[in-house]
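Single-letter residue listing:
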Amino acid sequence: MLSSVLLRGAARGNAATLIKSVRVSPLKAYSTIVANTQRQVGIKPLALAKQISPIVMREISVSTPRMASATGSHTRLWTIERVLSAGLLAIIPAAFIAPSQVMDALLAISVVIHTHWGVEAMVVDYLRPSVVGNVVPKVAHIALILMSVAALGGLFYFIKNDIGLANGIKRFWAIKGKDTNQ
């Protein structure tokens, strides 16, 4: 009897009507009443959603932040991102002091991963499905992955078939503009 009264009140979504109909003290919160009713009736929406979710929706996660959000390993990911960022402070000067294909490849991988994670954080933060719909975030993630792969491939091509990343940047810095006094 009590559960049917509570369910009718919960279905209407009106907390005042629910409290008046059951004649409970106003100190009890509406969410507590609904939660107790759900427990009595045997409805567990979170457990049901977890069972249905893998069937209905498939999460596409190919990058580290998306995988961490799916599995819940946020601390380890945060640590990896910070170690990579701190490692860039050593990798960048080392690539210019001792230029080689190995150092150039390490620099290229580190910079592309660092940039990918940064841009992905912006995509996740600003292109939420609740704001822009379901299609735009997926397209943005796919475009980000394609751009990151293309950037890494281009850098590897430049390292393998040209003078290398560090030497190329050194030569770019050595370019002098036209002197306007002549």
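- For the protein chain, the name recorded in an unreviewed UniProt entry is Succinate dehydrogenase [ubiquinone] cytochrome b small subunit, with Drosophila arizonae as its organism.
- Comment text from UniProt for the protein chain, heading Sequence similarities (unreviewed entry), reads "Belongs to the CybS family."

1. Overview of the nonpolar core
Piece 1. Counting nine residues, the largest nonpolar core consists of Ile91, Ala95, Phe96, Met103, Leu107, Ala108, Ile159, Leu165 and Ala166.
Piece 2. Among the elements of the structure, helix H6 (74–97), helix H7 (101–126) and helix H10 (165–174) are those that each provide at least two residues to this core.

2. Observations concerning the confidence of the model for the protein chain
Detailed reading of the predicted model is not advised wherever pLDDT is low.
Piece 1. Put simply, the protein chain has an average pLDDT of 75, and 58% of its residues get 70 or more.
Piece 2. The lowest-confidence element of the protein chain is helix H1 (residues 2–12), averaging 48 in pLDDT; the highest-confidence one is helix H9 (residues 135–161), averaging 95.
Piece 3. This model gives residues 22–27 a pLDDT under 50, and the stretch forms five contacts once residues within four places in sequence are excluded.
Piece 4. Below a pLDDT of 50 lies the segment residues 52–58, which in the model reaches zero contacts outside its immediate sequence neighbourhood of four places, other chains included.

3. Concerning the packing of H7 against H9
If you want to describe how two helices pack, look at the angle between their axes and the distance between the axes.
Piece 1. In the contact formed by H7 and H9, the axes pass within 10 Å of each other and the chain directions differ by 165 degrees. Compared by their axis directions, H7 and H9 come out roughly antiparallel. Note that H7 runs across H9; the crossing there is right-handed. On H9, the residues that touch Gln101, Asp104, Ala105, Ala108, Ile109, Val112, His116, Val119, Glu120, Val123 and Val124 of H7 are Ala140, His141, Leu144, Ile145, Ser148, Ala151, Leu152, Leu155, Phe156, Ile159 and Lys160.
Piece 2. Grouping the constituent residues of the contact of H7 with H9 by class yields 15 nonpolar, four polar and three charged.

Reading the values: the criteria
- Residues numbered from 1 in each chain as written.
- Predicted model: local features only at pLDDT ≥ 70, side-chain atom pairs only at ≥ 80, totals over all residues.
- Heavy atoms only, no water.
- UniProt positions renumbered as here; feature names shortened; annotations may be inferred.
- Core = buried A, V, L, I, M, F, W, Y, C linked by side-chain atoms within 4.5 Å.
- Buried < 20%, exposed > 50% of the residue type's maximum accessible area, 1.4 Å probe, protein only.
- Helix = DSSP H or I, 4+ residues; strand = E, 2+ residues; numbered from the N terminus.
- pLDDT = per-residue confidence, 0-100.
- Contact = heavy atoms within 4.5 Å.
- Axes fitted to C-alpha atoms, helices over the stretch in contact; angles between N-to-C directions.
- Parallel < 35°, antiparallel > 145°, perpendicular 65-115°, else oblique.
- Left-handed = near helix turned anticlockwise from the far one by under 90°.
- Nonpolar A, V, L, I, M, F, W, Y, C, P; charged D, E, K, R; others polar.

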